[in-house]
Amino acid sequence: QGVSSAASDVYKRQSYTGWINGMRFLIRREAPEEGDAFFHAWVWPGPLIFSLTDDSLKTDFTAPFTNEGKQQVVDWINAQYEDHPEKWSHEKKNLY
């Protein structure tokens, strides 16, 4: 279980989103005009998508846009899931 590091070239073209038992995540490549590209990752409690979730519920992480950086992002997402189980409730939540 957890996030696979196999989705390598996907990040160059688009965002990568997923769900692990109540925890949603988003990984995106960001390329500033100056400086090197980097991975930007977020986790937040479901069920809502990123754009509909209050920013105060999101936690983010950045790493260099390299194979090592990709592994750092994967490890961080897996650690967020394992270290904060109280955030990822397996029970249904009311949306209102």
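Refer to the structure presented above.
What this report covers is the structure whose coordinates are included nearby. (Residues numbered from 1 in each chain as written. Predicted model: local features only at pLDDT ≥ 70, side-chain atom pairs only at ≥ 80, totals over all residues. Heavy atoms only, no water.)

**Here's the deal with the pairing of strand E3 (residues 38-45)**
The element E3 is largely enclosed, with a buried count of 7 among its 8 residues. Sheet analysis places strand E2 (residues 23-30) next to E3, joined by 8 bridges and oriented antiparallel. Looking at E3, one finds that Met23 is bridged to Pro45. The pairing of E3 with strand E4 (residues 59-64) spans 6 bridges and is classified as antiparallel. (Buried < 20%, exposed > 50% of the residue type's maximum accessible area, 1.4 Å probe, protein only. Helix = DSSP H or I, 4+ residues; strand = E, 2+ residues; numbered from the N terminus. Pairing = 2+ DSSP bridges.)

**Topic: the packing of aromatic side chains**
Under the defined criterion, the tally for this structure stands at 5 aromatic pairs. The interplanar angle of 40 degrees and the centroid separation of 6.1 Å between the aromatic rings of Tyr16 and Phe25 together place this pair among those described as tilted. When the centroid spacing of 5.2 Å and the interplanar angle of 10 degrees are considered together, the rings of Phe61 and Trp76 count as stacked. Within this pair, whereas Phe61 is found in strand E4, its partner Trp76 is found in helix H2 (residues 67-83), the two being separated by 15 residues in sequence. Each member of the aromatic cluster is reached from another via a ring pair, and the members are Trp42, Trp44 and Phe50. The ring of Phe65 carries the charged tip of Arg29 above its face, separated from the ring centre by 5.0 Å. Positioned over the ring face of Phe50 is Lys58, at 3.6 Å from the centre of the ring. (Phe/Tyr/Trp six-rings, centres within 6.5 Å; stacked < 30°, edge-to-face > 60°. Lys NZ or Arg CZ within 6 Å of the ring centre and 35° of its normal.)

**With respect to the sheet that holds E3**
Hydrogen bonds along the backbone pair up the strands of a sheet, which may run parallel or antiparallel. Strands sit in the order E1-E2-E3-E4 across an open sheet of 4 strands; the sheet is antiparallel. Two strands close off the open sheet at either side, each with one partner strand: strand E1 (16-20) and E4. Taking each pair of neighbouring strands and ignoring which way they run, the sheet shows an average axis angle of 20 degrees. (Axes fitted to C-alpha atoms, helices over the stretch in contact; angles between N-to-C directions.)

**Some thoughts on the nonpolar core**
Within the largest apolar cluster, 13 residues are counted, with the highest numbers of intra-cluster contacts made by Met23, Ile27, Val43, Val73 and Ile77. Those elements that provide at least two residues to this core are E2, E3 and H2. Sort the elements by how many residues they give to this core and H2 lands first, with 4 residues. Leaving out residues up to four positions away in the same chain, Val43 has contacts with Met23, Arg24, Phe25, Leu57, Lys58, Thr59, Trp76, Ile77, Gln80 and Trp88. (Core = buried A, V, L, I, M, F, W, Y, C linked by side-chain atoms within 4.5 Å. Contact = heavy atoms within 4.5 Å.)

**Description of the side chain of Lys58**
Within the secondary structure, Lys58 sits in the loop between E3 and E4. Looking at Lys58, its side chain comes within polar contact range of the main-chain oxygen of Thr53, at 3.4 Å. Looking at Lys58, its side chain comes within polar contact range of the side chain of Asp55, at 2.9 Å. Not counting the four nearest positions on each side in its chain, Lys58 is found in contact with Trp42, Val43, Trp44, Phe50 and Thr53. (Polar contact = N/O pair within 3.5 Å; in protein donor to acceptor, adjacent residues only side chain to side chain.)

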